[in-house]
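An overview of the molecular structure
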Amino acid sequence: RNGLATADIALVGWHTNASVSQACLNNADNPGAARGTNSYRDVDADCLPQTIQLTQSCHSAVVDNIKKFYQSSWSDRGIVASNGYGECSQANLGQVPGFFFEGLFGDNPADCNPWKDPKFRAAVGRGIVQGLITSWGGTTFPPEPPTNLR
């Protein structure tokens, strides 16, 4: 932690998913058909209110930015209750709020190909920054990059 106060630290993880299980498929028949972004966070009694706020703020901002700046039909798969993943277990995180995204499905070209596009990655990054700022009570965001330069 290098001397930082716990209030200044958060864990935001980014993973990619695969739709080989029925849980990911939402009962679809063919693996590789699932699409979209979901987020996983702890829901045990020890889950910090800051973890809940961080997850909601970042998840909403990332999906909103993808829809606004990349693909309006991007699927919001929601926030998933998870007590079984060590990365987002509050018992492992202690007093640090944290969660992780399953940002896209790597076994679906319609989901995987956007990750190669810098516009998609910029939308995701913009959303994470906005979500972090919002979860810490901020309302001032970094300026947008310049456009139409000559």
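Residues numbered from 1 in each chain as written. Predicted model: local features only at pLDDT ≥ 70, side-chain atom pairs only at ≥ 80, totals over all residues. Heavy atoms only, no water.

Moving on to the overall build of the protein chain. Helix and strand content of the protein chain: 5 helices and 4 strands. Reading the protein chain from its N end, one meets helices and strands in the order β-α-β-α-β-α-β-α-α. Across the 150 residues of the protein chain, 37% fall into the buried class. Looking at the protein chain alone, contacts between residues at least 24 apart form 76% of all its contacts between residues at least 6 apart. For the protein chain, the exposed surface amounts to about 8,400 Å²; the carbon and sulfur share of it is 53%. (Helix = DSSP H or I, 4+ residues; strand = E, 2+ residues; numbered from the N terminus. Buried < 20%, exposed > 50% of the residue type's maximum accessible area, 1.4 Å probe, protein only. Contact = heavy atoms within 4.5 Å. Areas by Shrake-Rupley, 256 points an atom, 1.4 Å probe, with all protein chains shown as cover.)

Taken residue by residue, the protein chain gives an average pLDDT of 85. The fraction at 70 or more is 87%. Per-element confidence in the protein chain is highest for helix α2 (residues 49–69), whose mean pLDDT is 96, and lowest for helix α1 (residues 22–25), whose mean pLDDT is 49. (pLDDT = per-residue confidence, 0-100.)

Attention shifts here to the side chain of asparagine 65. The topology assignment puts asparagine 65 in helix α2. In terms of polar contacts, asparagine 65 uses its side chain to reach the side chain of arginine 126, at 2.3 Å. Sequence-distant contacts of asparagine 65, that is, excluding residues within four places in its chain, are made with Tyr70, Ala123, Arg126, Gly127 and Gln130. (Polar contact = N/O pair within 3.5 Å; in protein donor to acceptor, adjacent residues only side chain to side chain.)

Here we take up the sheet that holds strand β2 (residues 37–41). A sheet is described by the order of its strands in space; here 4 strands give the open sequence β1-β4-β2-β3, paired in mixed fashion. Only two strands of the sheet have a single neighbouring strand rather than two, namely β1 (11–17) and β3 (76–81). Averaged over all pairs of adjacent strands, the angle between their axes in this sheet comes to 20 degrees, without regard to strand direction. Here 5 bridges tie β2 to β3, and the two strands are oriented parallel to one another. Note on β3: the bridge partner recorded for threonine 37 is aspartate 76. Across the sheet, α2 lies against β1, β2, β3 and β4 (98–105), angled at about 170 degrees from β2, the strand it touches most. (Pairing = 2+ DSSP bridges. Axes fitted to C-alpha atoms, helices over the stretch in contact; angles between N-to-C directions.)

Within soluble globular proteins, side chains that are nonpolar tend to cluster in buried spots. Among the nonpolar cores identified, the biggest contains 11 residues, and these are Leu54, Cys58, Val62, Ile66, Trp74, Phe99, Phe101, Leu104, Phe120, Val124 and Ile128. At the level of elements, α2, β4 and α5 (118–135) are the ones that each hand at least two residues to this core. Sequence-distant contacts of isoleucine 128, that is, excluding residues within four places in its chain, are made with Val12, Cys58, Val62 and Phe101. (Core = buried A, V, L, I, M, F, W, Y, C linked by side-chain atoms within 4.5 Å.)

Helix length check: α2, at 21 residues, gives a terminal C-alpha distance of 30 Å against a target of 30 Å (1.5 Å per residue), a fit within 8%. Among the residues of α2, Thr51, Leu54, Thr55, Ser57, Cys58, His59, Ala61, Val62, Val63, Asn65 and Ile66 are the ones counted as buried. Taken together, the buried residues of α2 touch β1, β2, β3, α3 (90–93), β4 and α5. (Expected span 1.5 Å × (residues − 1).)

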